Every structure is written in structure tokens, then in C-alpha cells.
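Take a look at the letters that make up each chain.
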Amino acid sequence: MSITYIPRVTQLDSIQLDNELEELFKQSLFQATKYFEPGVLQPILPEVDLLIRSWIFKNSMYDKASSFGQQMLSLKYKTENLTKTKLYWYFVYTVALKYFRDRAMYSLTSYTKIQNFLTKMETFQLVGDILNFLQFINSGKHPALIDFILGLQLTADKLTREDLTDFSWTRELLWHNLIELIGTVLSLVNMFGLKQRMSKILKYMWWRNQMRSSAGPSSATMTIHTTCACCSEKPILPHVMGCSHIFCYYCLMANKIADSDFACPKCYYNGRQVMKYA
């Protein structure tokens, strides 16, 4: 009799085991080739990863309708909705797309449009993974995005951890994945740009406008007590942008490059021209 309910922690375990197994294959390969001349494998690393992932797919999903991690935990996909077409799409998503991305990163680094396209696609995938993980926590189905896209469902004749009574491990694993989810969300956020935008919002508040109204073009004067308006340290390669405050060259240029509307954090004057302090 098949088990219809699969604990969430068991499904997450299977994904973690698959990732660890792939890394183990790579480490074994690198260990076997460690006496080769340096740089022999470097140009063909995407192809090496492609061969490893293809071999894993052939001997797990294609032959047995379950990954190696799922087999270790007595899980498998329901065969009635795992067609050949879905297997091919599974291979394209989990193996082929990763290869094309890695090869483009290696060989097409000078093509800005391609790199921007890959970055956007990776961002969309990360957002999809986040949304899928949230629905998985809620429903307990489809731990991977590709499972949700293809409508694949897990089943089991038995569970290797069905007698698990200590739920601390379950909480720990779910919490670990939630922390990774939060880290992924933060990686999608331009914290530097967000800070600048929040500063702009505050500047439109009344008390910010009162301070800003008194700001205008003026000459800066540097003394032994002068500090950078950004980092509050002694200015290195002093530069100004029209107000009475002095900046380190790198502090000012980094802010201007990140945000062309960057305003002085002291007086909120938005100088357009960066000049060396004389």
C-alpha cells in the first residue's frame, strides 16, 4: 500500500542528499585528476558538470523514476503522471539549462546582453524557487519548482524515518531552509540602492525639506578636523560636489555610480559635478 502523506522534512532531505551526491562526484573527479597539469579541466568544467549530471539523471530519474536521494529515503515519483515527455523536460530544466548558463558564463563574458539576460533569468528562477518553497511549506507537496511545473508527486511504500519521534530535527531542517530562503531574498535586493531610495523618501518629509532648503552651492574648507561626510574618516583624495562638505574620492564616486541622484548625507545637497578639492 502506497503512502500518500510524505513528511516535509523527508522531502527536503532527498533534495539535500541529491546536492551532496553531485558534489561528492565532483570532488572524486577532482581528486582523481589532481596530478594533472594545472588548468587542464578548467576550460571544460561546464562539460564535466554536464556529464556528471547526465549520468546521475540516466541512472536515477530515467531508469528508476526517482533521484538517488529519494531512493535512499524510499521515495519515488508516481509513475502514472511521469511520462517520457515530462522526463525530457525534467532533464532540460535540471541539466541542460544549467550547462548553457555555465558555458555562457565561461565563454560569452564579453557579451553584455547575454549576461544581462542570464542574470534576469536566474533572478526569475530564484523568485520561482522562493514562491514554490512557501507553497511547499503550506501544502507539503512539490518541494522543487520543477515538480510543481510538471505536476510530479512523490509517493512511498514505506518511510525510512516513519518512526521518528524527535521533531527537533524536523524543525532544524525547516528552519535551515527558511534561513536560506531569507538569504536568497536579500541577495535579490540591492541594499545600497534601497538605502538611497529610503533616504530620498525621508528627504521629502517636512523636517528634511526644512534642512534641505538651507542647502546650496558653497565652498568647502578643509581643516585638520575635517572628516568625510560618508565614512566619517579623514578624507583620502578629497573631493567635493558643490556643498560645504568634503568626501573621500572613493566614497563619493561609489555613491554617485550606484545612484546618480546621490545627495550629501549631511546637508542633502545634490551636486551633479564631482571636483577635486583644491
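This is a predicted model, so every value here is computed, not measured.

1. Focus: the overall build of the chain
Line of reasoning, step 1. Helix and strand counts for the chain stand at ten helices and four strands.
Line of reasoning, step 2. When its helices and strands are written in sequence order, the chain yields α-α-α-β-α-α-α-β-α-α-α-β-α-β.
Line of reasoning, step 3. Out of the 278 residues in the chain, the part that is buried amounts to 35%.
Line of reasoning, step 4. Long-range contacts, defined here as pairs at least 24 residues apart, represent 62% of the contacts in the chain between residues at least 6 apart.
Line of reasoning, step 5. For the chain, the computed accessible surface area is about 17800 Å², with 62% contributed by carbon and sulfur atoms.

2. Side note on the packing of aromatic side chains
Line of reasoning, step 1. Applying the stated criterion across every chain yields a total of eight aromatic pairs.
Line of reasoning, step 2. Between Y99 and F100 the ring centres are 5.6 Å apart and the planes differ by 55 degrees, which places this aromatic pair in the tilted class.
Line of reasoning, step 3. Look at Y249 and Y250: their rings are 5.4 Å apart centre to centre, the planes differ by 75 degrees, and that puts the pair in the edge-to-face class.
Line of reasoning, step 4. Taking the relative accessible area as the measure of exposure, Y250 reaches 58% and is therefore exposed.

3. Considering the confidence of the model for the chain
Line of reasoning, step 1. Of the residues in the chain, 76% have a pLDDT of 70 or more, and the chain-wide mean is 78.
Line of reasoning, step 2. By mean pLDDT, helix α9 (residues 206-213) is the weakest element of the chain at 48, and strand β3 (residues 239-240) is the strongest at 91.
Line of reasoning, step 3. In the predicted structure, residues 162-168 sits below a pLDDT of 50 and forms one contact with residues beyond four places in sequence or in another chain.

4. Here we look at the environment of T226
Line of reasoning, step 1. Tracing the backbone through its elements, the reader meets T226 in the loop between α9 and β3.
Line of reasoning, step 2. In this structure T226 comes out as buried when scored by relative accessible area, which is 14%.
Line of reasoning, step 3. C-alpha separation for the pair T226 and F247, spaced 21 residues apart in sequence, amounts to 9.6 Å.
Line of reasoning, step 4. Within the structure, T226 has its side chain in polar contact with the backbone nitrogen of T223 (distance 2.7 Å).

5. With respect to the pattern of salt bridges
Line of reasoning, step 1. Under the defined criterion, the tally for this structure stands at eight salt bridges.
Line of reasoning, step 2. The salt bridge involving D49 is made with K26; its shortest N-O contact spans 3.7 Å. You can see D49 sitting in helix α2 (residues 45-64) and its partner K26 sitting in helix α1 (residues 8-32), a full 23 residues away along the chain.
Line of reasoning, step 3. What makes K26 buried here is its relative accessible area of 12%.
Line of reasoning, step 4. A salt bridge links D63 to K58; its shortest N-O distance comes to 3.1 Å.
Line of reasoning, step 5. Judged by relative accessible area, which is 41%, D63 ranks as partly exposed.
Line of reasoning, step 6. Classification of K58 as partly exposed rests on a relative accessible area of 40%.
Line of reasoning, step 7. A network of salt bridges, in which partner residues are shared, links E22, E23, K26, D49, R53, R101 and D102.

6. A look at the side chain of N132
Line of reasoning, step 1. Mapped onto the fold, N132 is located in helix α5 (residues 112-139).
Line of reasoning, step 2. Setting aside its immediate chain neighbours within four residues, N132 contacts H142, P143, A144, L145 and F148.

7. Quick notes on the packing of α1 against α5
Line of reasoning, step 1. For the pair α1 and α5, the least separation of the axes is 10 Å and the interaxial angle reads 145 degrees. Contact residues: α1 offers R8, Q11 and L12, while α5 offers F133, F136, I137, N138 and S139.
Line of reasoning, step 2. Residue classes in the contact of α1 with α5 are distributed as four nonpolar, three polar and one charged.

About the cut-offs
Residues numbered from 1 in each chain as written. Predicted model: local features only at pLDDT ≥ 70, side-chain atom pairs only at ≥ 80, totals over all residues. Heavy atoms only, no water. Helix = DSSP H or I, 4+ residues; strand = E, 2+ residues; numbered from the N terminus. Buried < 20%, exposed > 50% of the residue type's maximum accessible area, 1.4 Å probe, protein only. Contact = heavy atoms within 4.5 Å. Areas by Shrake-Rupley, 256 points an atom, 1.4 Å probe, with all protein chains shown as cover. Phe/Tyr/Trp six-rings, centres within 6.5 Å; stacked < 30°, edge-to-face > 60°. pLDDT = per-residue confidence, 0-100. Polar contact = N/O pair within 3.5 Å; in protein donor to acceptor, adjacent residues only side chain to side chain. Salt bridge = Lys/Arg side-chain N within 4 Å of Asp/Glu carboxyl O. Axes fitted to C-alpha atoms, helices over the stretch in contact; angles between N-to-C directions. Nonpolar A, V, L, I, M, F, W, Y, C, P; charged D, E, K, R; others polar.

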